[in-house]
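Results of the structural survey
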Amino acid sequence: MNFTSITHEPNMLSNQRTSCPPGLEYLTYLDKIKVEQLVSLTEAFIGFERNNKYVLRNANDEQFLYAFEETDTCMRICCTNQRGFTVHVVDNMKQEVMLITREFKCCAGCCWFAGCCLGCAFEVRVEAPPGNFIGSIKQKGSFWKASYDILDESGDTILKIEGPCCIWDGPCCPCDNEFKLLTADGMNQIGNLTKEYAGFIKEMVTVSDKFTISFPQDLSVKAKGTLIGALLLIDMMFFERRPNSNSGSNSN
């Protein structure tokens, strides 16, 4: 699929390498990130909710980042995918390069009411390195499709994400779920965030998922880092379910 390119000055990539957050320089060279949630045998076979762990790879399947959730047991069990979470992202040298957080909101999650008030919409903050805020993701109200704004550190909308009409997940739904990555005005698609179908057996016995994030190579490193946070939010909202509760939906 061909996407609309973002046009920058010729020296834009060079400027990105000198101005990007420390530890994320490698993102300058990427136009695709593969994200795999690691399999938890405990969660798969006895249903005990564990902290999520993810491996981030380039297009050649080479790992360059590792992300792990830090949420207390009570929050995970009682609030499941509605829970607040903290995700630490470390590089191959085990140095923390990003911090992704979502506060718990008891009334948030439903796409229909996300636009009513701040308490009804999920929001994820991204820091890189921890303590240096680079952007956020805000859920938008929608009666039809899941919708998100990607904001920079100043609070300005720089990108939008639009979900499919219906989100089908589980062993009997052999299709990918594509969330379109759009320009700030919502007019042009420049990439996507896709949850890949893992196969009947794996979808049936585990909540381990595989995703890809595609974007223009010349997109800013801060925006790329914020998109990682957006993917974790989408995973938590739509695909973080018990295997026996998988079903098609367009909201939680």
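Residues numbered from 1 in each chain as written. Predicted model: local features only at pLDDT ≥ 70, side-chain atom pairs only at ≥ 80, totals over all residues. Heavy atoms only, no water.

1. Observations regarding the pattern of salt bridges
The following threshold applies: Salt bridges are defined by distance alone: a side-chain nitrogen of Lys or Arg within 4 Å of a carboxyl oxygen of Asp or Glu. Helix numbering and strand numbering both begin at the N terminus, where a helix is a DSSP run of H or I of at least 4 residues and a strand a DSSP run of E of at least 2. In this scheme, a residue with accessible area under 20% of its type's maximum is buried, one over 50% is exposed, and one in between is partly exposed, where area comes from a 1.4 Å probe on protein chains only.
Enumeration over the complete set of coordinates arrives at 9 salt bridges. Residue Arg83 pairs with Glu69 through a salt bridge whose shortest N-O separation is 2.8 Å. You can see Arg83 sitting in the loop between helix H3 (73-79) and strand S4 (85-91) and its partner Glu69 sitting in strand S3 (residues 63-69), a full 14 residues away along the chain. Of the two residues examined, Arg83 and Glu69, each falls in the buried class. For Glu162, the salt bridge goes to Lys145, with nearest N and O atoms at 3.4 Å. You can see Glu162 sitting in strand S9 (residues 157-162) and its partner Lys145 sitting in the loop between strand S7 (133-140) and strand S8 (147-152), a full 17 residues away along the chain.

2. A word on the packing of aromatic side chains
Each pair of aromatic rings is reported with the distance of its centres and the angle of its planes. As a reminder, the rule being used: Any pair of Phe, Tyr and Trp rings, taking the six-membered ring for Trp, is counted once the centres come within 6.5 Å. Such a pair is stacked with planes under 30 degrees apart, edge-to-face with planes over 60 apart, and tilted for the rest. Charge over a ring is defined by NZ of Lys or CZ of Arg lying within 6 Å of the ring centre and within 35 degrees of the ring normal.
Tallying each qualifying case throughout the model produces 5 aromatic pairs. Aromatic ring contacts, followed pair by pair, group Phe179, Phe211, Phe238 and Phe239 into a single cluster. Here the guanidinium or amino end of Arg102 rests over the ring plane of Phe122, the centre of that ring lying 3.9 Å away. Above the plane of the ring of Phe133 lies Arg125, whose end atom (NZ or CZ) is 4.2 Å from the centre.

3. Notes on helix H5 (residues 221-239)
The condition that has to hold: A helix's residues, less one, multiplied by 1.5 Å, set its expected span.
The first and last C-alpha atoms of H5 sit 26 Å apart over 19 residues, in line with the 27 Å expected at 1.5 Å per residue. Taking burial as the measure, the 19 residues of H5 include 18 buried ones, the bulk of the element.

4. Here we look at the nonpolar core
The cut-off we apply is this: Think of a nonpolar core as a cluster: buried Ala, Val, Leu, Ile, Met, Phe, Trp, Tyr and Cys residues, connected wherever their side-chain atoms sit within 4.5 Å. In what follows, a contact means two residues having at least one pair of non-hydrogen atoms within 4.5 Å.
Of all hydrophobic cores here, the largest spans 50 residues; its most connected members are Ile33, Ile100 and Ile161. Excluding its chain neighbours within four sequence positions, the residues that come into contact with Ile100 are Phe85, Thr86, Val87, Val89, Val124, Arg125, Val126, Ile228, Gly229 and Leu232.

5. Details of empty space enclosed by the protein
Rolled over the atoms, a probe with the dimensions of a water molecule shows which regions are left empty. The condition is simple: Grid points spaced at 1 Å and placed over the protein atoms alone form the basis of the search, with a cavity being a set where a 1.4 Å probe fits but cannot get out and a pocket an open set showing protein on both sides within 12 Å along at least five of seven lines. Lining residues have an atom within 4 Å of a point. Grid points are joined across faces, edges and corners, and a volume is the space filled by probe spheres set on the points. Each residue is assigned to one class: nonpolar for Ala, Val, Leu, Ile, Met, Phe, Trp, Tyr, Cys and Pro, charged for Asp, Glu, Lys and Arg, and polar for all the others, Gly among them.
Within the structure shown, the criterion is met by 1 cavity of 30 Å³ or more. Its volume calculated, the largest cavity comes out at about 40 Å³. Contributing to the lining of the largest cavity are Asn52, Tyr54, Glu69, Phe85, Val87, Leu232 and Met236. Of all the secondary-structure elements, those providing two or more residues to the lining of the largest cavity are S4 and H5. Across the lining of the largest cavity, the residue classes break down as 5 nonpolar, 1 polar and 1 charged.

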